[in-house]
Amino acid sequence: MTTHTLFATCPRGLETILAQELQQQGCTAVTPTDGGVSCQGTMAHVYSANLHSRTASRILLQLARTAYRSEHDIYQAAKNIAWHNWFNVSQTFKVKVEGKRANVKSLDFTALKIKDGVCDRFREHDGERPSIDKSRPDIRIHAFLDERNVSIFIDTSGEALFKRGYRQDTGEAPLRENLAAGLLLLAGYDGTQPFQDPFCGSGTIAIEAAWIALGRAPGLNRRFGFEQLAQFDRALWVKLKAKARHAIRNRPYANIAASDNDRAMTRMTQANAAAAEVDGFIDINTLDAQDTRPNGEGGIIVSNPPYGVRLAEIQALHALYPQLGSWLKQHYAGWTAGLFSGDMDMPKLMRLKPKRKIPLFNGNLDCRLFLLDMVAGSNREK
C-alpha cells in the first residue's frame with residue numbers, strides 16, 4: 001500500500017493528544033504543529049484515523065507541495081495533479097484555501113485558480129469538467145499557503161469529524177465534540193474512573209466520556225469523504241468497522257453522571273445520549289451544581305461552567321465562584337477537577353490553585369483548562 005503524507009487538523013491546544021492518537025493508529029513520522037499534526041500513513045491508516053480519532057477535525061491527504069511566486073504557479077501545481085486518479089468528472093467538488101503570511105492578492109482568487117487547474121486537468125483527460133457544489137460537495141480540496149509554499153490536499157473526512165451524528169439539539173453555546181473529548185483526555189480520563197459533569201448543558205462532555213469508557217470509536221455512525229474516492233476499498237472499510245464494533249464494551253467500568261440546573265438542558269442531554277446509544281449508562285439529573293455529590297472514589301469532574309460575557313453576568317458568576325470552590329473542597333476530596341473556562345480569574349476567585357493551566361481555544365475564544373487536585377481540607381479558609 002502506498003504511504004501518503006497526511007495532515008490532521010484539530011482545535012488549537014489538542015495537538016499532543018492528537019499526535020498520541022495517530023501513533024496508536026499506526027501512523028509514522030508523527031509531528032505536532034500549530035493547529036494539527038503531520039504524519040505518514042497508508043489508506044488503511046486514513047480510514048482508521050477517521051474512525052477512531054476523538055480529537056481530530058479533519059484528516060487531509062497531501063497531493064502536492066511546491067514553492068510558488070504567483071497565483072499562476074499555484075494554478076500550475078493544481079493542474080499537475082492527476083485528479084482522475086482520485087475522483088471522477090461526474091462528482092462535485094469544492095476548494096477551500098487558508099494562508100499564513102501568504103504572498104497572494106486574495107485567498108478567494110487563489111481558490112478560483114486552483115479550481116481552474118482541477119477543471120482544466122479534467123478537460124484534458126475526459127473532455128469535460130466536474131461541477132462545483134459549495135454546500136454538499138462529493139470531494140473537498142484544501143490548500144494551505146505560507147510565504148513560499150503551497151500544499152494541496154484532498155479531504156478524507158468530508159463533514160468535520162466533530163460531527164459524530166448524535167447531536168439532536170445543542171443549546172446556545174455548544175462545545176464541539178472533539179474539543180470535549182480532548183478536555184477529558186487532557187484531564188487524564190480513561191474510562192476507569194467515576195465521572196461527573198455538574199454543568200452538563202446539552203451533554204456533550206458526558207456523552208464523549210461514555211464513548212471513551214465503552215471503547216466506542218467516534219466515527220461508527222457517520223459517513224466519510226474517503227468513501228467517495230476512486231480508490232475506496234469497501235472490503236477493508238467494512239472489516240475495520242466490524243473490528244471497531246466488536247471492541248465496544250457492554251458497560252462502563254465506573255459511574256458516569258451529568259447534571260444541570262436547567263430542565264430544558266437535561267432533557268436535551270437525554271435526547272443526545274439516546275441518539276448516541278449511551279442513555280442507559282449516564283445518570284442524568286436536574287440539579288444545582290452545589291447539590292451534586294461524588295458517585296464514587298477518586299473520580300474526575302470535567303466541566304464547562306458558565307462564563308459571563310455581559311458585565312452583569314460576570315459579576316453574578318464572580319459571586320458564585322467562591323461557593324463553588326467551597327463545595328468542591330467540602331465534597332470532592334481525592335477527585336481531579338478539570339474546569340474549562342474563558343474566565344482566567346476563575347481559580348483565584350474559587351480560592352483554588354490549579355496544578356496545570358492548559359491553553360485551548362473554543363472556536364476563537366481563548367480559554368484554559370484548569371486542572372485541580374482536590375485534597376481534603378485544602379486551601380480552606382482559617
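This is a predicted model, so every value here is computed, not measured.

Reading the values: rules and limits
- Residues numbered from 1 in each chain as written.
- Predicted model: local features only at pLDDT ≥ 70, side-chain atom pairs only at ≥ 80, totals over all residues.
- Heavy atoms only, no water.
- Core = buried A, V, L, I, M, F, W, Y, C linked by side-chain atoms within 4.5 Å.
- Buried < 20%, exposed > 50% of the residue type's maximum accessible area, 1.4 Å probe, protein only.
- Helix = DSSP H or I, 4+ residues; strand = E, 2+ residues; numbered from the N terminus.
- Domains from an automatic or database assignment.
- Phe/Tyr/Trp six-rings, centres within 6.5 Å; stacked < 30°, edge-to-face > 60°.
- Lys NZ or Arg CZ within 6 Å of the ring centre and 35° of its normal.
- Contact = heavy atoms within 4.5 Å.
- Axes fitted to C-alpha atoms, helices over the stretch in contact; angles between N-to-C directions.
- Left-handed = near helix turned anticlockwise from the far one by under 90°.
- Nonpolar A, V, L, I, M, F, W, Y, C, P; charged D, E, K, R; others polar.
- Buried area = accessible area lost by both parts, 1.4 Å probe.
- Salt bridge = Lys/Arg side-chain N within 4 Å of Asp/Glu carboxyl O.
- Polar contact = N/O pair within 3.5 Å; in protein donor to acceptor, adjacent residues only side chain to side chain.

### As for the nonpolar core
Most often, soluble globular proteins keep nonpolar side chains buried together rather than apart.
Then, in step 1: One finds I152, F195 and I282 to be the most contacted residues of the largest nonpolar core, which totals 92 residues.
Then, in step 2: With nine residues, helix α6 (residues 204-214) is the single largest residue contributor to this core.
Then, in step 3: Taken domain by domain, the makeup of this core includes at least three residues from each of domain 1 (4-155) and domain 2 (177-216 + 250-374).
Then, in step 4: Membership of the second largest hydrophobic core comes to 18 residues, among which are L317, L324, W327 and L328.

### A closer look at the packing of aromatic side chains
Then, in step 1: Evaluated as defined, the whole model comprises 16 aromatic pairs.
Then, in step 2: Note on F144 and F153: the rings are 5.6 Å apart at their centroids and 80 degrees apart in plane angle, and the pair reads as edge-to-face.
Then, in step 3: Overall, F144 belongs to the partly exposed group, its relative accessible area being 22%.
Then, in step 4: With a relative accessible area of 5%, F153 lands in the buried category.
Then, in step 5: In textbook terms, an aromatic cluster arises when at least three aromatic residues are bridged by ring pairs, as seen for Y47, F224, F226, F232 and W237.
Then, in step 6: One cation-aromatic arrangement involves R12 over F361; the distance from NZ or CZ to the ring centre is 3.9 Å.
Then, in step 7: A cation over an aromatic ring shows up here: K113 above the ring of Y75, its NZ or CZ 5.5 Å from the ring centre.

### Describing helix α1 (residues 15-24)
Then, in step 1: Every buried residue belonging to α1 is among E15, I17, L18, A19, E21 and L22, and all of these are buried.
Then, in step 2: Next to the buried residues of α1 lie β1 (4-9), β2 (28-33), β3 (36-41), α2 (43-52) and α5 (177-186).
Then, in step 3: Looking at the residues trailing α1, positive phi occurs at G26, about 95 degrees.

### Some thoughts on the environment of A209
Then, in step 1: Note that A209 resides in helix α6.
Then, in step 2: Residue A209 is classed as buried on the basis of its relative accessible area of 0%.
Then, in step 3: Each C-alpha atom of the pair A209 and D343 lies 24 Å from the other, and the pair is 134 residues apart in sequence.
Then, in step 4: Those residues in contact with A209, other than ones at most four positions away along the chain, are L184, Y189, F195 and I256.

### What to know about the packing of helix α3 (residues 71-79) against helix α4 (residues 107-126)
Then, in step 1: Their axes nearest at 7 Å, the elements α3 and α4 cross at an angle of 35 degrees. The element α3 and its partner α4 pack so that their crossing is right-handed. On the side of α3, the interface is formed by E71, I74, Y75, A78 and K79, while α4 contributes F109, T110, K113, I114, D116, G117, D120, R121 and E124.
Then, in step 2: Of the residues contributing to the contact of α3 with α4, the split by class is five nonpolar, two polar and seven charged.

### Brief notes about the domain arrangement of the chain
Often, the extent of an interface is quoted as the loss of accessible area on bringing the components together.
Then, in step 1: When its domains are assigned, the chain resolves into domain 1 (4-155) and domain 2 (177-216 + 250-374).
Then, in step 2: Spacing between the C-alpha centres of domain 1 and domain 2 amounts to 35 Å.
Then, in step 3: If you look at the interface, domain 1 gives ten residues, while domain 2 gives 14 residues.
Then, in step 4: When the two sides are added together, the surface that domain 1 and domain 2 hide from each other amounts to roughly 980 Å², 62% of it contributed by carbon and sulfur.
Then, in step 5: Where domain 1 packs against domain 2, one counts zero salt bridges.
Then, in step 6: Linking domain 1 to domain 2 there are five residue pairs in polar contact (both at pLDDT 80 or more).
Then, in step 7: Broken down by class, the residue content of the side of domain 1 that touches domain 2 amounts to four nonpolar, three polar and three charged.

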